Amino acid sequence: MNISIIVRRISMTVLFLLAFWITLSSISNITYADLAVMLKKDHQVSSNVLYAGQAEYRKIALQEKQLKILKKQKRYVSSEQIEGPKSVEEAINIENYPKATVVATGYTAGEESTGKTADHPQYGITYSGVKVKRDLYSTIAADLEVYPIGTIMWIPDYGFGVVADKGGAINGNKIDLYFHTVEDVYSQWGKREVEVYIIEQGNGVLSEEVLQQLNENKSLQVFREQINKS
């Protein structure tokens, strides 16, 4: 092919492209510098998208790795392996409290113990004004000169006792423990000399609200169930 023809075609192509660019610039008001900036921004956006995608992938991969590590470290422990207090004595460090030796008997709310029948308006009401109760903290009677109303003690084989009542035959180091029935008194207690622990000395006052709060002590609820079953 003739060289002059080739040169002429190339020149025509260059002129056509130049004319196209001039026409495009005049219509859209875009310069070469603007086009360069746009191309640079497109490159940055593409790079950012790629980087964000890589970061998300790495984050997911790291989470999966951590999950695998946690699964390997997880161990199942049975209730028998959990260390904790096995008794109330252990839970409250009973040996830290002063001891006293008393003669303990049992009583009920019935006529045989209080002289009141079930239709008496004060049936089941103690000297302090609270109702008799056999619970985690039970109501007991004592000599108020020795153990004022509100005194809390731990009585082995019975549980916590809160002094709420008094009795004509309860003098000195004697206490009377509340039970639901006469049968419970004889089968579960009778009369015995026992060493008790004085948890708190009373101030002469006891209310239903205080007694309820004592019985709802969250840390001792497991033992409450044991006492109520006995």
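The structure under discussion appears in the preceding block.
This write-up is about the structure you can find in this document.

Definitions and limits used
Residues numbered from 1 in each chain as written. Predicted model: local features only at pLDDT ≥ 70, side-chain atom pairs only at ≥ 80, totals over all residues. Heavy atoms only, no water. Helix = DSSP H or I, 4+ residues; strand = E, 2+ residues; numbered from the N terminus. Polar contact = N/O pair within 3.5 Å; in protein donor to acceptor, adjacent residues only side chain to side chain. Salt bridge = Lys/Arg side-chain N within 4 Å of Asp/Glu carboxyl O. Buried < 20%, exposed > 50% of the residue type's maximum accessible area, 1.4 Å probe, protein only. Pairing = 2+ DSSP bridges. Arc of directions from axis to C-beta. Contact = heavy atoms within 4.5 Å. Axes fitted to C-alpha atoms, helices over the stretch in contact; angles between N-to-C directions. Phe/Tyr/Trp six-rings, centres within 6.5 Å; stacked < 30°, edge-to-face > 60°. Lys NZ or Arg CZ within 6 Å of the ring centre and 35° of its normal.

**So, the side chain of Ser138**
Inference 1: Mapping Ser138 onto the fold places it in strand β2 (residues 137-142).
Inference 2: In terms of polar contacts, Ser138 uses its side chain to reach the side chain of Arg134, at 2.9 Å.

**With respect to the pattern of salt bridges**
Any two side chains of opposite charge can pair, so long as their charged atoms come close to each other.
Inference 1: Taken as a whole and assessed by the stated rule, the structure comprises 2 salt bridges.
Inference 2: One salt bridge connects Lys99 with Glu195, and the closest N-O pair in it is separated by 3.8 Å. Note that Lys99 is positioned in strand β1 (residues 99-107) and Glu195 in strand β6 (residues 191-200), a separation of 96 residues in sequence.
Inference 3: A residue is classified by how much of its surface remains accessible, and Lys99, at 46% relative accessible area, is partly exposed.
Inference 4: Arg192 is paired through a salt bridge with Asp157; the nearest N and O atoms lie 3.5 Å apart.

**Observations concerning the pairing of β1**
Inference 1: Direction of pairing for β1 relative to β6: antiparallel, over a ladder of 7 bridges. Bridging across to β6, Lys99 finds its partner in Tyr197.
Inference 2: When β1 meets strand β5 (residues 174-178), the two strands line up parallel, connected through 5 bridges. Paired with Tyr107 across the bridge in β5 is Tyr178.

**As for helix α5 (residues 182-189)**
Inference 1: Buried within α5 we find Asp184, Val185 and Trp189. All buried residues of α5 lie within an arc of 105° about the axis, which places them on one face of the element. Every exposed residue of α5 that faces more than 90 degrees away from the buried side is listed here: Glu183, Tyr186 and Ser187.
Inference 2: Tucked inside the fold, the buried residues of α5 contact β1, β3 (152-155), β5 and β6.

**Regarding the sheet that holds β6**
Inference 1: Sheet architecture is closed into a barrel: 6 strands sit in the order β1-β5-β2-β4-β3-β6, paired in mixed fashion. Mean inter-strand twist for the sheet, computed between neighbouring axes without regard to direction, equals 45°.
Inference 2: Pairing of β2 with strand β4 (residues 159-165), which is carried by 5 bridges, proceeds in the parallel orientation. Bridging across to β4, Thr139 finds its partner in Val162.
Inference 3: Relative to the sheet, α5 contacts β1, β3, β5 and β6, its axis offset from that of β1 by approximately 140°.
Inference 4: Against the sheet, helix α6 (residues 208-215) contacts β2, β3 and β4, and its axis sits at roughly 130° relative to β2.

**As for the packing of aromatic side chains**
The geometry of an aromatic ring pair is captured by the separation of the ring centres together with the interplanar angle, meaning the angle of the planes.
Inference 1: Going through the model one piece at a time under the given rule, you end up with 5 aromatic pairs.
Inference 2: Residues Trp154 and Phe160 carry aromatic rings whose centres are separated by 4.9 Å and whose planes lie at 70° to one another, so their mutual orientation is edge-to-face. The burial state of Trp154 is the same as that of Phe160; both residues are buried.
Inference 3: For the ring pair Tyr158 and Trp189, a centre distance of 6.2 Å and an interplane angle of 75° mean the geometry is edge-to-face. Of this pair, Tyr158 sits in the loop between β3 and β4 while Trp189 sits in helix α5; the two residues are 31 residues apart in sequence, bridging distant segments of the chain.
Inference 4: On the accessibility criterion, Tyr158 (3% relative accessible area) is buried.
Inference 5: Look at Trp189 and you get buried, because its relative accessible area is 6%.
Inference 6: By the ring-pair criterion, three or more aromatic residues cluster together here, those being Tyr137, Trp154 and Phe160.
Inference 7: The side chain of Arg134 reaches across the aromatic face of Tyr158, ending 3.9 Å from its centre.

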